[in-house]
Each structure stands twice: as C-alpha cells, then as structure tokens.
Amino acid sequence: SGAMVLAMALAPQWLGVPLVACACVFLAPSWSFLQRFVEGRTHTEAIVALVSFSYIGVSGIVKSVGVKLLGYGLSERSMVVACVLFGVALGTASALVVVAQPPPSATDLRRRGPRQRITSLRAEGAMLFRRYGLGLSLSILAYVLCGTLRAYRDYFQLELFAAAEVEGVTSAFAMSEGTISVLVLSICALFSRVQSNSRAMHVIIAATVAGGALVAGLTLAWRAGRVCGFPWIVGVGCGTFLSYVPLGTMLFDRVLSAAEEHVTSTFLALVSDTCVLVGTAALLCYSQTQHLPSPSQPAHLRSPTPAAAEAKGHGQLFATLAVTLGTCIALLMSAAAFAFSRAIDERRRSAKIHRERSGAVAAADDPPPPESVVPFGVGLSQRGAQTVAQSDGADELRGAGRYQRSSTELRPRP
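How each quantity is defined
- Residues numbered from 1 in each chain as written.
- Predicted model: local features only at pLDDT ≥ 70, side-chain atom pairs only at ≥ 80, totals over all residues.
- Heavy atoms only, no water.
- Helix = DSSP H or I, 4+ residues; strand = E, 2+ residues; numbered from the N terminus.
- Buried < 20%, exposed > 50% of the residue type's maximum accessible area, 1.4 Å probe, protein only.
- Contact = heavy atoms within 4.5 Å.
- Areas by Shrake-Rupley, 256 points an atom, 1.4 Å probe, with all protein chains shown as cover.
- Arc of directions from axis to C-beta.
- Patch = residues over 30% accessible without salt bridge, like charges linked within 9 Å, V, L, I, M, F, W, Y side chains within 5 Å.
- Salt bridge = Lys/Arg side-chain N within 4 Å of Asp/Glu carboxyl O.
- Axes fitted to C-alpha atoms, helices over the stretch in contact; angles between N-to-C directions.
- Parallel < 35°, antiparallel > 145°, perpendicular 65-115°, else oblique.
- Left-handed = near helix turned anticlockwise from the far one by under 90°.
- Nonpolar A, V, L, I, M, F, W, Y, C, P; charged D, E, K, R; others polar.

S.K.: Quick rundown of the overall build of the protein? Include the residues and the values.
M.R.: Secondary structure assignment for the protein yields 15 helices and zero strands. By the burial criterion, 41% of the 414 residues in the protein qualify as buried. Within the protein, residue pairs in contact and separated by at least 24 positions form 83% of the contacts whose partners lie at least 6 positions apart. Surface accessibility of the protein: about 22300 Å² in total, with carbon and sulfur atoms responsible for 65%.

S.K.: Break down helix α3 (residues 44-51) for me, citing the residues and quoting the values.
M.R.: Along α3, the residues classified as buried are Thr44, Glu45, Val48 and Ala49. Each buried residue of α3 sits inside an arc of 130° when the element is viewed along its axis, so together they form one side.

S.K.: Go over the environment of alanine 319, please, and point to the residues and values.
M.R.: Along the chain, the position of alanine 319 falls in helix α14 (residues 308-365). For alanine 319, a relative accessible area of 1% puts it in the buried group. Spatially, the C-alpha atoms of alanine 319 and leucine 220 are 8.2 Å apart, while their sequence positions differ by 99 residues. Not counting the four nearest positions on each side in its chain, alanine 319 is found in contact with Thr219, Trp222 and Arg223.

S.K.: Give me the lowdown on a nonpolar patch on the surface, citing residues and values where you can.
M.R.: On the surface, Phe53, Ile61 and Val65 cluster together into a nonpolar patch covering about 230 Å² of accessible area. Take valine 65: it is sitting in helix α4 (residues 57-71).

S.K.: Go over the packing of helix α10 (residues 197-223) against helix α11 (residues 229-244) with me, naming the residues and quoting the values.
M.R.: Two measures define how a pair of helices packs: the angle their axes make with one another and the distance between the axes. Contact geometry for α10 and α11: axes closest at 7 Å, N-to-C directions at 160°. The orientation of α10 relative to α11 falls into the category roughly antiparallel. The interaxial crossing formed by α10 with α11 has left-handed handedness. Residues Ala207, Thr208, Gly211, Gly212, Leu214, Val215, Leu218, Thr219 and Trp222 of α10 pack against Gly229, Trp232, Gly235, Val236, Cys238, Gly239, Thr240, Leu242 and Ser243 of α11. Taken together, the residues of the contact of α10 with α11 break down into nine nonpolar, nine polar and no charged.

S.K.: Can you explain the pattern of salt bridges? Please cite residues and give values.
M.R.: Under the defined criterion, the tally for this structure stands at nine salt bridges. Among the ionic pairs, arginine 115 bridges to glutamate 39, the shortest N-O distance being 3.9 Å. Of the two residues, arginine 115 is situated in the loop between α6 (106-112) and α7 (121-155) and glutamate 39 in the loop between α2 (16-34) and α3; the sequence distance between them amounts to 76 residues. Put simply, arginine 153 and glutamate 177 hold a salt bridge, and the shortest N to O gap is 2.9 Å. Residue arginine 153 is found in helix α7, and its partner glutamate 177 is found in helix α9 (residues 169-189); the two are separated by 24 residues along the sequence. The same class applies to arginine 153 as to glutamate 177, namely buried.

All we've got here are geometric facts, nothing functional implied.
Structural data, given as structure tokens:
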C-alpha cells in the first residue's frame, strides 16, 4: 500500500486515482487480517479502539502536518513522500508488535470462546451467512453507508470547512479529528467492560443507532441555522465514527461469542471492507456526474481557498447524504438487532438439543456393569437404599403379625 502511494507521488497526475485504488486494495485485507490477532480477547474493543486512532486522529494530524510542510517550502510530491515513508515505518513497527502478542489467555477463551484456525474462507462464510444471513446483510449494508459517508467527509473536508465557514483550516484539521478521536474511542473502549456477550452486542448496536441519529439530527439543525459550522463538522464526525468503528470487528466478535461460534471474523471483515471500497468508488462517480470535482489529490494538496460554488456544492451534497444515510443506518441497525437476537436464540436452541442427544447416545452406548461383581446396595441412591430398608422392615413386621394372628387363631378358648 505504501509503495502504491509512493508511486502516486512520482507518477503522472492522471495515474493518481488508479494508484490510490490499488493502495486501498492492499490496505483493506491488511486491516482485516490484523483484526485476527485482536479478536476473541477480553479487551478486544479497547484494542480495536486504540488501533482505530490510526484512521481517525492521525488523519487530521497528517493533514495539518502536510499543510505545514508545504508552508516550509517542500513540493507537493516531496511532502507526500515524507508522510508515506513515516507511515510505512510506523505501520510496519506496529504490525510487528501486534504479531508478537501472546495468544488469548484462559480467561479470554472462557469469556469469548476459542477461535479456530481458518481452513476455508468460502466454507466459513457460507456457514455464517446461512445461520445469520439477515443480520449480517443489514449490518454490512449499514457499514457500507457509514464508510461511504466517512470517506466523503475525509476526501472533501477542505470544501466542507469552507461551506461551514470555518476559519483557520490548518489547525481545524487536527482539532476536529482529535476531538472526535477522544470522544468516540473512549466510548468504544468502554464496550470491553460489558462481560455478557449478548448484552454487549445490543449495546454496540445501540451505539451505532445513536450515531446515525446524531448525524441526521445535527445536519437538520445545521440546515435550520441552529448549529454553527465547526460543531456541525465535529458532531457529524462523532456520529459517523460512533457507527463506523463498532460495526467491524467489535460487533462481529460479540455476535460470534454470543452464538458460541468458534470461527473467526476474518471473512466478515474482508467482505465488509470490500463493500465499503465499492461504495466509496460509487459515491465518487456520482459526485462527478453532479459536476463536482473528484479528489484526484488529497485535501491538503488542493488550494486552501476553494471556490465558493465548489464548496457550496459539496456542502449541500454532504448534508443530503448525512440526513439520508444517517437515517438509514439507524433503521438498518435496529432491524439487525432483532435479526441477530432471533438467529442466536435458534442457534443456542439447536446446540442444546444436539448436546442432549449426544449425551443420550453416549449413555446408551456405555455397557452396564456385571451384576456378579456388584455388591448389594452399590449404585443405589441414599433415598433408594432407605426405601429398600423400610420395605424389608415392613415385610418383617407383616410376617410377625401373620404369625401372631395364626397362633391366636389356633389357641383354644378357655
């Protein structure tokens, strides 16, 4: 992925978008397989929240650093090369640290269940969609909408700042994304405090519904003039990432743990990230049909003072997308909550029936012990032995009574 971005900095400008697409093709599976090392642990949500800082907070920091490097006299391509080299070095070091972590502990296995090695992505994916197809489809669709909204906000953030009349764009990048990172990632890290997997699944879904509602509500308030520009940008970012971050590994890991499935979420992460890339590409194509410029260069490379018409067009399109997609995300995840609950209950019921049948078959296959070597009374419960003793005593008393009655009847009267 870093090599593709370096090639974009050195290649002609018309190759920029294809090279960025290739970088995303390499980066998406890398992120998905990275989640394989953090799922199935007691603090999976906290770890994912910490790793997610790489594409929330760092995004704003890098944009601010890029603008400053341009101000120091570096060319655009030199600035891109410097940022990419630093990112590749930091990413490689982080990946080595993650791989060196120990496997899940006994406590992790007891709370989240074991995760088996990947044998066949196709077989595991078919099995998961056969059991939880409706819930997975709804949640992946909501994830695509979140990722598309997040990508548009990230690509055209400079135009959105201009449309919202935000001044001091150089510092606004870091301020907005830093605030969003602290708020969203702190909330997501708290999900690991919930030990019940079913309850945590519903908490995560409730957070995504709240995020979608926040995006739609703040945008309507901004259109009505009741919210200023910078709070709107930050609030929409908080709502978007509050839905986007938990919808990946966090939700899938809790669903698998609640259903007592021992497979990994790697296939689900791959499918969802691929769908997000497709949705983002479709949105960029749609923006071109609306006579809006496509971001052939990142926001920090474009003019710091975009045209008023261009900024207004992006602001209107983003506001429409925020209201529509935010509402759809809330509705989709509300329906996914019921679908997951029903599918997990059916899975648990079938697993319980299977265990009971397996236990009955195993008990029937065990041969009974030979009677000749078993002494009397062994194998009986305490209550059963007491019942036998009481019945023997009653028989003795009844025999004695019969003897006395027979003796009395045979005795002649005086």
